[in-house]
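Here is how the chains run, residue by residue.
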Amino acid sequence: MADPQLPTADRDVTQQHLNDFLAWLKENGAVLEGLSFGADKSGMNGVILTKDFESDQSYATIPFKLMITEPLVRQRYPQLKDLSSRAVMSLFLSNEWQKGAESFWMPYLSAIPNRIMTSMMFDEQDLQILQGTNLQLGTISRRNFLYSEYEKIVEILPESERKGFTWEVCLWGYTAISSRAFPYRLIDGKAEGEMMVPLADSFNHDPNVKVTWSGKGTPESGALDLITREPLKSGNQLFTTYGPKSNEELLLGYGFCIKDNPYDYVVLKPNFSQDPDADIKQQILQDCDLISQTDKDRELVFFVTKDNIPEDLLAVFRVLVMNSTETENYMSADRRELLDFVGYRNEFAMLNTLATLLNYKVQSLLGTEPDVPEPKPWQQDALEYRAGQLRVTTAAKASVAHTQKQLMERMQSNFRRGQIATTWPFLGILNPEDSEILSKSYKDQMETTESLENSILLTVEEAFRLDEDFATAVQEGYPRESIDPSDEEAPDFEGIYMMLVLIRERSKAQSKWRRFLNQIPAEIAEDDQQDEYILNIHASIIQQTLMPSYPAIFDPSVFTYQALVWADLVCQVHSVHTENDTVTIIPM
Ligand SMILES: C[S@@+](CC[C@H](N)C(=O)[O-])C[C@H]1O[C@@H](n2cnc3c(N)ncnc32)[C@H](O)[C@@H]1O
């Protein structure tokens, strides 16, 4: 979009318009005393108090008949009943505007600014500032939707009924509504929808003010009473609160941002669409009351703030990262608490995934940092929004890193004490009596001073470090370089190294991971059919390559086909894949 041209671009809201508006309000039964339009001490234009008010005193009463409500608008355009209220209400405003002095609402419409720079009004350059944020796509998709509705209006209504309703006018109406509308339930507690409330929409936003809005009387003859719940001083600006809104909501709907907005959040959307076990996982979420039947196909959306990562988001991520052993065991889960802690592997993977996602968000914000030497006012707001997104994401990332550290401390402390759950594969649901060990409250623990340097995690690197002979034999006998990284058919090299490590560790009396390996069943029930992939590894890599060169290490009675089947299962049940594509076993 080029520089947005508005229907009313040739006029500004003047003091005369505002005086006419006040007179119109009073003529039509509004009660307002001690209020005027002007600039406050900081130079901000708004409603200024010309007298003091006590707490619990009403400062304005606005008859319902002055309001432009959704039922009124819908009644006028029955043929547009399938379109959104915003599009139809925007048409209503435009048609009233076209009537000029004939319109009952003209004094009100003349007091609405002609240019409300929400992100819906952003041109290409402005949208660049939102790159890497949710708001960029959010704005574009909302605008496209509005445009599709605008086209439908043009198609359905004859020209005479939509005179002057250009796309620009439609956008103006939309921004006027998004920045000024109130819920219709203030008039009718049970009804949904929106309405425009003259005067009530003249107050600027301060999230901390204390005010009550109370409707009284019938929708036809009643009025809305605005009552302050704190003393107000003459000379000050009269604010209201639009609610605890984040800068994302403010920029999209109202066209401004608050510096260091405490209500800022980043949106995270766990996505199951690529997951082969999506159906089972959705079912678990449903059985544990994390989603309802009707939400099943809806996008899951979570709001992460600077100080809070919602527990439900963590629970959903626990399901998202479940491996097949975990999904099989949690298929019977039917309580939300069962997803407070699934197992150490799962918790580790969940935090890793969350950290990766947040890190990706931080990097994409940093990587798209715009260069705007002389930002226009609305571009400054967009920059403020961006800065807030980075602040919240960075804080959330630090909080996940802290929790990761606490988890490692908990695992380390359990490991050192030899505390492993009784029933393999050590999942919470299988070990209810071991809740002390499989502690979901590890986050409340005091931090220990134990060093985390000697990781308890079972990695190929750590196993090789502790067992040089074995490391040499494996690395020389079956070198990493022998695999062509571009060959997609090549065996899973890291997985094979890990299987060899597991078999070796199991054969050693003094393995660092002895306790863990002891508790895994030694014999895995064999399928009738032998596994082609494992058979192949056993024949070509172990029997033909490693055994002849290093017979002392690759003992045929230890490195059996059965042992490989066992190691493969341990990998399936206990491993997480880290970012650099190595395999890590969580030994608990
Ligand atoms: C409901 S109107 C409030 C009265 C407004 N000044 C007007 O146009 O009559 C909402 C608009 O006021 C402005 N606004 C409200 N609160 C603000 C604030 N705290 N900081 C900056 N602009 C604000 C924004 O332009 C917003 O779109």
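To start, this report covers the structure provided alongside it. As the structure is a prediction and not an experimental result, all values here were calculated from the model.

Digging into a negative patch on the surface
Then, in step 1: Among the surface-exposed residues, D484, D487, E488 and E489 lie close enough to one another that they form a single negatively charged patch.
Then, in step 2: Positionally, E489 belongs in the loop between α15 (468-477) and α16 (493-507).

Some thoughts on the sheet that holds strand β4 (residues 58-63)
Then, in step 1: Taken together, four strands build an open sheet; the order of strands is β1-β4-β10-β9 and the sheet is antiparallel. Of all the strands in the sheet, the pair left with one neighbour each is β1 (31-32) and β9 (211-216).
Then, in step 2: Two strands pair when backbone bridges link them, and β4 and strand β10 (residues 223-228) are joined in this way by five bridges, in the antiparallel orientation. Bridging across to β10, P63 finds its partner in A223.

Some details on the site of the ligand
Then, in step 1: Of all residues adjacent to the ligand, which total 13 residues, the nearest are R180, D201, N204, H205 and Y254.
Then, in step 2: Note that an oxygen atom of the ligand is positioned 2.5 Å from one of the backbone N or O atoms of Y254.
Then, in step 3: For the shell around the ligand, the secondary-structure elements that each account for two or more residues are α7 (167-180) and β8 (204-205).
Then, in step 4: Considered class by class, the residues forming the shell around the ligand number seven nonpolar, four polar and two charged.

Thoughts on unusual backbone geometry
Then, in step 1: For the peptide bond that leads from W424 to P425, omega is 5°, which places it in the cis range.
Then, in step 2: Among the secondary structure elements, P425 is positioned in the loop between α13 (377-416) and β14 (458-459).
Then, in step 3: Non-glycine residue D56 carries a positive phi angle of around 70°.
Then, in step 4: Within the secondary structure layout, D56 lies in the loop between β3 (45-49) and β4.
Then, in step 5: Judged by its relative accessible area of 51%, D56 falls in the exposed class.
Then, in step 6: With phi around 60°, D289 is a residue other than glycine that occupies positive phi space.
Then, in step 7: Structurally, D289 can be placed in the loop between α9 (278-287) and β13 (302-305).

Observations regarding helix α3 (residues 85-99)
Then, in step 1: For α3, built from 15 residues, the straight-helix expectation of 21 Å at 1.5 Å per residue is met to within 8% by its first-to-last C-alpha distance of 21 Å.
Then, in step 2: Across the 15 residues of α3, 13 count as buried, placing the element largely inside the fold.
Then, in step 3: Once α3 ends, the next one or two residues include G100, with phi positive near 60°.

Notes on the pattern of salt bridges
Then, in step 1: For the coordinates displayed, the defined rule picks out 27 salt bridges.
Then, in step 2: With a closest N to O distance of 3.4 Å, R391 and E384 form a salt bridge.
Then, in step 3: Among the ionic pairs, D467 bridges to K508, the shortest N-O distance being 3.0 Å. Of the two residues, D467 sits in the loop between α14 (460-466) and α15 while K508 sits in the loop between α16 and α17 (514-518), which places them 41 residues apart along the sequence.
Then, in step 4: Residues joined by salt bridges that share partners form a network here, namely D467, R504, E505 and K508.

Things to note about the packing of helix α6 (residues 134-156) against α7
Then, in step 1: Contact pair α6 / α7: the axes reach a minimum separation of 11 Å and the direction vectors enclose 120°. When the axes of α6 and α7 are compared, the pair comes out oblique. Viewed along their axes, α6 and α7 form a crossing whose handedness is right-handed. Of the residues in α7, those in contact with R142, R143, L146, Y147 and Y150 of α6 are W167, C170, L171 and Y174.
Then, in step 2: Residue classes in the contact of α6 with α7 are distributed as seven nonpolar, no polar and two charged.

About the criteria used
Residues numbered from 1 in each chain as written. Predicted model: local features only at pLDDT ≥ 70, side-chain atom pairs only at ≥ 80, totals over all residues. Heavy atoms only, no water. Patch = residues over 30% accessible without salt bridge, like charges linked within 9 Å, V, L, I, M, F, W, Y side chains within 5 Å. Areas by Shrake-Rupley, 256 points an atom, 1.4 Å probe, with all protein chains shown as cover. Salt bridge = Lys/Arg side-chain N within 4 Å of Asp/Glu carboxyl O. Lys, Arg positive; Asp, Glu negative; His and termini not counted. Charge placed at Lys NZ, Arg CZ, Asp CG, Glu CD. Helix = DSSP H or I, 4+ residues; strand = E, 2+ residues; numbered from the N terminus. Pairing = 2+ DSSP bridges. Near = heavy atom within 4 Å. Polar contact = N/O pair within 3.5 Å; in protein donor to acceptor, adjacent residues only side chain to side chain. Nonpolar A, V, L, I, M, F, W, Y, C, P; charged D, E, K, R; others polar. Buried < 20%, exposed > 50% of the residue type's maximum accessible area, 1.4 Å probe, protein only. Expected span 1.5 Å × (residues − 1). Axes fitted to C-alpha atoms, helices over the stretch in contact; angles between N-to-C directions. Parallel < 35°, antiparallel > 145°, perpendicular 65-115°, else oblique. Left-handed = near helix turned anticlockwise from the far one by under 90°. Contact = heavy atoms within 4.5 Å.

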